[in-house]
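What follows is each chain in one-letter form.
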Amino acid sequence: MELELEHERRRSMEDVREVCANGICMSTTEVEAKLDQGNIQEAEASLREGLSLNFEEARSLLGKLEYQRGNVEGALRVFEGIDLQAAIQRLQPSLAEKPPSRKGRFRTESLHAVSQHAASLVLEAIYLKAKSLQKLGRVSEAAHECKSVLDAVERIFYQGIPDVQVDNKLLEIVSQAVELLPALWKQAGFYHEAIIAYRRALLSQWNLDNDCCARIQKGYAVLLLYGGVEAGPPSLAVQIDGSYVPKNNLEEAILLLMILMRKFILGKTQWDPSIMDHLTFALSLCSQTPVLAKQLEEIMPGVYHRVERWNSLALCYSGAGQNKAALNLLRKSLHKHERPDDLIVLLLAAKICSEDSHLAAEGVGYAQRAINHAQGIDEHVKGVGLRMLGLCLGKQAKVSSSDFERSQHRNLSAALRYAKQFIDETGGSILKGWRFLALVLSAQQRFSEAEVVTDAALDETAKWEQGPLLRLKAKLKISQSLHMDSIETYRYLLALVQAQRKSFGPLRNFPQAEGDKVNEFDVWHGLAKLYSSLSHWKDAEICLGKARDTKQYSAEALHTEGVMCEGRGQIQEAFAAYTNALLLEPCFVPCKILISALLLKIGSKALPVARSLLSDALRIDPTNRMAWYYLGMVHRDDGRIVDAADCFQAASMLEESDPIESFGYIL
């Protein structure tokens, strides 16, 4: 504050050498000398006599001099000695009335100009009083004073400030007060009042210039996005029939930011890169990246470097699921004549390629380049590159030249090496690294070691993020035939999920991958499968019923119901349950396999249907060992012994490397 006062003091020494009013100018030297001696009344008398001012006007000008000299406390004492509201009331009629006729127009306009100058002095006094209070830390009082400036202006110009015949100084004071008021309310911690002030600033006729209006719109948008206070829709009094009315903070902030972008595109305001940053954040929150892409496309060339524009557009298109367009832009960005070694772009390109088997080979190249360039300060990114490399290699395996070759791609030794390297590179800070290591160990039938890894991960993981690890631990217990331990783990997991739901509420939703979250349905369904495998049908039915209470229509629940029916010899009911599951989810592989197994028991007439179902299951999940096994059974019964042997061999190899959970949970 001292630096600011010193700056204003120096500026006053240069600029405030004389004051003018009513067409008269006088030096401030004599007045300042009297102020230095503490003779406020004498200083005031000098101004009144020298400039033909009344008491309020002289005091207003005197307070301004004190403020500009850096004497904030002295200025406040001067301002507090003025009845500013009474002065405003006396000014109202002279400023509000219109010339009745053209006769005597010159005299009327002269009086109007004098009244505006007087109003400027008094309003500026209130504004500077608010600034003085702010500098002294009395922010709430400052806000009330600043609000009184705007109240006075609205009383004087009850139809809004006109575009013409208004003193520039008066417009400047009004603009400063309009911009200051919401800032004061925010500084004082009264965010609802700040919202009201922002809306008043933007909806009333203040005759603000474009730059001032843009600053107010930006400040309001920032408050809506990050203030943590729900604004609610504007009052009905300011709503226009047929116009768009924002329903919440996010919509109102986006509307303001898009208006600001439009102003820039039309050349009405200067470019402010933070506007685009805030708009990016806001549109990303509501998954409207296509709208963000359109905003980026409308910005004139030269504002962003072309590579930055390509990369931003690629992110937008990727978020909207338009991976082909995104990848084309990233290829341009990674061209040898552009920025071929940009780590973030390489990783994004690898991620997009990892989602398409036919692009996986290209993605391997991007991921490997990212790993090679992740050095020095970027070495922490190497772990992400390794994960992308693993994802791309996994997809690449799905387009191998033969079905048998696909099963050979499960190289667990290499997977184990990369999993350990990933944990080392990331310092064990990423949950998926631990889960992947545990799955690889389980695929090597090293269940006890996988459980040790899972326990270590639980020790390093926050309570609310332990769900996937606890689910994994429960399945590891089952693999070791420790069924009671598995039930206890599921019970603990159920308590965690229910506590989490109560803490965050049912409407709290986070954009997580399917394998990264565990809900109440998963737990009850896991218990139902466990009790079913133990032939505890009563307990299995209770748990399955609980699962259906949380998720009424589920292919997984119908699959478990079918398994229970089949286990009790109810074949028709089992077949119906499996069929219903496929009607609900046509690509649900477990039911395709079990229907095929039931068809095998019918005889040779059903073999073509069973073969078709199993072939489709392997198209969806090429590493499903049970699909390979039953396809081998179909070939055997159909007399195709060589094909059957290949299928059995693939099933046997996959059984030896089958994890307790699909790797797809973390890919």
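Preceding this paragraph is the structure being described.
Each value, and the rule that gives it
- Residues numbered from 1 in each chain as written.
- Predicted model: local features only at pLDDT ≥ 70, side-chain atom pairs only at ≥ 80, totals over all residues.
- Heavy atoms only, no water.
- Helix = DSSP H or I, 4+ residues; strand = E, 2+ residues; numbered from the N terminus.
- Contact = heavy atoms within 4.5 Å.
- Areas by Shrake-Rupley, 256 points an atom, 1.4 Å probe, with all protein chains shown as cover.
- Expected span 1.5 Å × (residues − 1).
- Buried < 20%, exposed > 50% of the residue type's maximum accessible area, 1.4 Å probe, protein only.
- Arc of directions from axis to C-beta.
- Axes fitted to C-alpha atoms, helices over the stretch in contact; angles between N-to-C directions.
- Parallel < 35°, antiparallel > 145°, perpendicular 65-115°, else oblique.
- Left-handed = near helix turned anticlockwise from the far one by under 90°.
- Phe/Tyr/Trp six-rings, centres within 6.5 Å; stacked < 30°, edge-to-face > 60°.
- Salt bridge = Lys/Arg side-chain N within 4 Å of Asp/Glu carboxyl O.
- Nonpolar A, V, L, I, M, F, W, Y, C, P; charged D, E, K, R; others polar.
- Core = buried A, V, L, I, M, F, W, Y, C linked by side-chain atoms within 4.5 Å.

Asker: Outline the overall build of the chain, listing residues and values.
Answerer: Counting secondary structure elements, the chain contains 33 helices and 2 strands. A sequence separation of at least 24 residues applies to 60% of the contacts in the chain between residues at least 6 apart. Total accessible area on the chain is roughly 34000 Å²; 52% of this is exposed by carbon and sulfur atoms.

Asker: Tell me what's going on with helix α23 (residues 447-460), and back it up with residues and numbers.
Answerer: Over its 14 residues, α23 extends 20 Å from the first C-alpha to the last, a length consistent with the 20 Å expected when each residue adds 1.5 Å. Listed in full, the buried residues belonging to α23 are F447, A450, E451, V453, T454, A457 and L458. Angularly, the buried residues of α23 cover 160 degrees about the axis, an arc narrow enough to put them on a single face. Those residues of α23 that are exposed and aimed more than 90 degrees away from the buried face are V452, D459 and E460.

Asker: Can you explain the packing of α23 against helix α24 (residues 467-479)? Please cite residues and give values.
Answerer: Between α23 and α24, whose axes approach to 10 Å, the crossing angle comes to 160 degrees. Here α23 lies roughly antiparallel to α24, going by the angle between them. Crossing hand, α23 versus α24: left-handed. Contacts between α23 and α24 pair F447, A450, E451, T454, D455, A457 and L458 from the former with L469, L470, L472, K473, L476, K477 and S479 from the latter.

Asker: Lay out the side chain of S175 in plain terms, naming residues and giving numbers.
Answerer: The topology assignment puts S175 in helix α9 (residues 168-188). Overall, the relative accessible area of 11% leaves S175 in the buried class. Among residues more than four places away in sequence, those in contact with S175 are L208 and C212.

Asker: Tell me about the packing of aromatic side chains, and name the residues and values.
Answerer: Across all of its chains, the model carries 7 aromatic pairs by this definition. For the ring pair F264 and W271, a centre distance of 4.7 Å and an interplane angle of 50 degrees mean the geometry is tilted. Taken together, a centroid distance of 5.9 Å and an interplanar angle of 50 degrees make the contact between Y629 and F648 tilted. Taken together, the residues span a long stretch of sequence, with Y629 in helix α32 (residues 625-637) and F648 in helix α33 (residues 641-655) at a distance of 19 residues.

Asker: Before we move on, can you summarise the pattern of salt bridges with the specific residues and values?
Answerer: Taken as a whole, this structure holds 33 salt bridges when the rule is applied. Linking K218 and D272 is a salt bridge whose minimum nitrogen-to-oxygen distance equals 2.9 Å. Separated by 54 residues along the polypeptide, K218 in helix α11 (residues 210-226) and D272 in the loop between α12 (249-265) and α13 (273-285) bring together distant segments of the chain. What makes D272 partly exposed here is its relative accessible area of 25%. One salt bridge connects R306 with E338, and the closest N-O pair in it is separated by 3.2 Å. Residue R306 is found in helix α15 (residues 306-319), and its partner E338 is found in the loop between α16 (323-333) and α17 (343-353); the two are separated by 32 residues along the sequence.

Asker: Can you explain the environment of L494? Please cite residues and give values.
Answerer: Along the chain, L494 falls in helix α25 (residues 483-504). A relative accessible area of 10% means that L494 is categorised as buried. Taking the C-alpha atoms as reference points, L494 and E520, separated by 26 residues in sequence, lie 6.5 Å from one another. Once residues within four sequence positions are removed from consideration, L494 is found in contact with E520, V523 and W524.

Asker: Go over the packing of helix α31 (residues 607-620) against α32, please, and point to the residues and values.
Answerer: For any two helices packed against each other, one specifies the inter-axial angle together with the distance between the axes. Between α31 and α32, the shortest axis-to-axis distance is 10 Å and the interhelical angle comes to 150 degrees. Considered as vectors, α31 and α32 are oriented roughly antiparallel to each other. Judged by the twist between their axes, the crossing of α31 over α32 is left-handed. Residues L607, A610, R611, L614, A617 and L618 of α31 form the contact with α32, whose participating residues are A627, W628, Y630, L631, V634, H635 and D637. Residue composition of the contact of α31 with α32, grouped by class: 10 nonpolar, 1 polar and 2 charged.

Asker: Account for the environment of P246, naming residues and giving values.
Answerer: Along the chain, P246 turns up in the loop between α11 and α12. Taking relative accessible area as the criterion, P246 reaches 8% and is therefore assigned buried. Placed 13 residues apart in sequence, P246 and P233 show a C-alpha to C-alpha distance of 6.2 Å. Those residues in contact with P246 that sit more than four places away from it in its chain are P233, P234, E251, E252 and L255.

Asker: So what's going on with the environment of L599? Residues and values would help.
Answerer: In this structure, L599 sits in helix α30 (residues 589-602). Using a relative accessible area of 9% as the deciding quantity, one classes L599 as buried. Beyond its immediate chain neighbours, meaning those up to four positions away, L599 contacts F575, A606, V609, A610 and L613.

Asker: Any details on the nonpolar core? Residues and values, ideally.
Answerer: Among the nonpolar cores identified, the biggest contains 96 residues, and V178 and Y366 are the most heavily contacted of them. When near neighbours in sequence (up to four residues on either side) are disregarded, V178 contacts L150, A201, W206, L208 and I216. One finds A450, L469, L472 and I660 within the second-largest nonpolar core, a separate group that totals 44 residues.

Asker: Lay out unusual backbone geometry with the relevant residues and their values.
Answerer: Its identity as a non-glycine residue notwithstanding, S481 has a phi of 60 degrees, on the positive side. The topology assignment puts S481 in the loop between α24 and α25. Its identity as a non-glycine residue notwithstanding, S535 has a phi of 65 degrees, on the positive side.

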